[in-house]
Amino acid sequence: MPDSSSPVVLAFDRVSLSFGGETVLREVSFAMRRGESMIVLGAAGSGKTVLLKTALGLLTATSGRIELFGEDVTGLDEQAWYERRSHVGVLFQEGGLFDSLTIEENVAYPMLNQPRLACPEEEVIRRVQESLNFVELGHTLEKFPSELSGGMRRRVGIARAIVTQPDLLLYDSPTAGLDPITANTIIALIIKGRDMRHATTFMVTHRYQDGQLLAGFHHDEATGQLLPVNGQRETGRTHYLVLREGAVVFDGSATELEASRDPYVRRFVRREEGA
Ligand SMILES: Nc1ncnc2c1ncn2[C@@H]1O[C@H](COP(=O)(O)OP(=O)(O)OP(=O)(O)O)[C@@H](O)[C@H]1O
Ligand SMILES: [Mg+2]
């Protein structure tokens, strides 16, 4: 159970970012501690993907300070960022699978490209198989992305994000473009990954229900099912950030989000719609 004494996994302190003359992040501040989940909501173009890429050092902040795993990473060079990224699993918004590689090769990719993760080939194969089994796609090793459905490709993306057993997982719009049932399957996998490995989880989403599931359910190892969280224990571990035109307009719990009177914030809150 994280509290204010748990180590900081990712924190932004007044981070701004501009492209040319256009400011797309405005003094963004937040902190995620080990084992916490953060859900980022915001309209299209509000800066969610830019925020995620800045947390990975793929975009460089114009000002402010970024802390990753307790270390000040502001202004690290590309090589140093590259090493830090080996501790982070990512599902990019656009999926990012390589069309010309098989599913097995796609999932193995992060294992083969980070010197820190170098291990014998049998170990890579075992980890890839394990990750694909985790998303129930262990039978697709030899297939190519084009042979899978959109939901299956998203699951392969999750397998690739978790294959390195990272301490921090970033998911950018994991349910975008999926039907509600497939979307729930994807969130169930994200919850399973969070609960089985206690990974700190950062998720950008358009669907309020995704956040409700992440905050309100846990993975039960005995049955393999998602069960509702009783009491405040798990919900207290999830917080929400709402971005508007690059600025944080809300940072708080699910209960606080639902109580918000801000019309922009309310756009993302759907009460009792079911998950
Ligand atoms: N590489 C870039 N160069 C210039 N502008 C960019 C770049 N990447 C993003 N932007 C701009 O930054 C703003 C935020 O974009 P971002 O992709 O973070 O939005 P988003 O909240 O993820 O939207 P969506 O919900 O559609 O994914 C937009 O105005 C976008 O045009
Ligand atoms: Mg985006």
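Heads up: the structure comes first, above all this text.
These numbers come from a predicted model, not from an experiment.

Focus: the coordination of the magnesium ion (ligand 2)
Those donors, T49 (OG1) and Q93 (OE1), are the protein atoms that reach the magnesium ion (ligand 2), and they lie 2.0 to 2.1 Å from it. Within this pair, whereas T49 is found in helix α1 (residues 48-55), its partner Q93 is found in the loop between β6 (88-91) and α3 (103-112), the two being separated by 44 residues in sequence. On the basis of relative accessibility, which here comes to 21%, the residue T49 falls in the partly exposed class. With relative accessibility at 36%, the residue Q93 sits in the partly exposed group.

Side note on the site of ligand 1
Close to ligand 1 lie 13 residues; G45, K48, T49, V50 and Q93 are nearest. Bound to the protein, ligand 1 loses 62% of the 640 Å² it would expose on its own. Where the shell around ligand 1 is concerned, the elements lending two or more residues are β2 (22-33) and α1. It is α1 that provides the largest number of residues to the shell around ligand 1, a total of three residues. Split by residue class, the shell around ligand 1 holds five nonpolar, six polar and two charged.

Regarding the layout of surface pockets
Empty space among the atoms becomes apparent when a probe as large as a water molecule is rolled across them. Within this model, the largest pocket holds a volume of roughly 470 Å³. Residue assignment for the lining of the largest pocket shows that the elements contributing at least two residues are α2 (78-85), β6, α3 and α5 (150-162). It is β6 that contributes the most residues to the lining of the largest pocket, three residues altogether. Considering only enclosed or pocket space, the second largest pocket measures out at about 210 Å³ in volume. Residue lining of the second largest pocket: 13 residues in total, with E130, F134, I162, Q165 and R197 positioned closest to the centre. Counting residues per element, the ones that place at least two in the lining of the second largest pocket are α4 (121-134) and α6 (180-197).

Remarks on the sheet that holds β6
Taken in spatial order, the six strands of this open sheet run β6-β7-β8-β3-β11-β12, and their pairing is mixed. The sheet terminates laterally at β6 and β12 (247-252), the two strands that pair on one side only. When the angles between neighbouring strand axes are averaged without regard to direction, this sheet yields 15 degrees. As judged from the five bridges shared by strand β7 (residues 168-172) and strand β8 (residues 200-204), these two strands associate in the parallel manner. Bridge pairing in β8 links Y171 to M203. Lying over the sheet, α5 contacts β6 and β7, oriented at roughly 170 degrees with respect to β6.

Some details on the environment of V204
The topology assignment puts V204 in strand β8. When its relative accessible area of 0% is taken as the criterion, V204 is described as buried. As a C-alpha pair, V204 and L241 span 37 residues in sequence and 9.4 Å in three-dimensional space. With residues up to four places along the chain from it excluded, the contact list for V204 reads V40, K48, L52, Y171, D172, S173 and P174.

Cut-offs used in this document
- Residues numbered from 1 in each chain as written.
- Chains lettered and ligands numbered in written order.
- Predicted model: local features only at pLDDT ≥ 70, side-chain atom pairs only at ≥ 80, totals over all residues.
- Heavy atoms only, no water.
- Donors = N, O, S within 2.8 Å, 3.2 Å for Na, K, Ca; no water.
- Helix = DSSP H or I, 4+ residues; strand = E, 2+ residues; numbered from the N terminus.
- Buried < 20%, exposed > 50% of the residue type's maximum accessible area, 1.4 Å probe, protein only.
- Near = heavy atom within 4 Å.
- Areas by Shrake-Rupley, 256 points an atom, 1.4 Å probe, with all protein chains shown as cover.
- Nonpolar A, V, L, I, M, F, W, Y, C, P; charged D, E, K, R; others polar.
- 1 Å grid on protein atoms, 1.4 Å probe; cavity = no way out; pocket = protein on both sides within 12 Å on 5 of 7 lines; lining within 4 Å.
- Points joined across faces, edges and corners; volume = space filled by probe spheres on them.
- Pairing = 2+ DSSP bridges.
- Axes fitted to C-alpha atoms, helices over the stretch in contact; angles between N-to-C directions.
- Contact = heavy atoms within 4.5 Å.

From the geometry alone we can't say anything about function, so treat these as descriptive.
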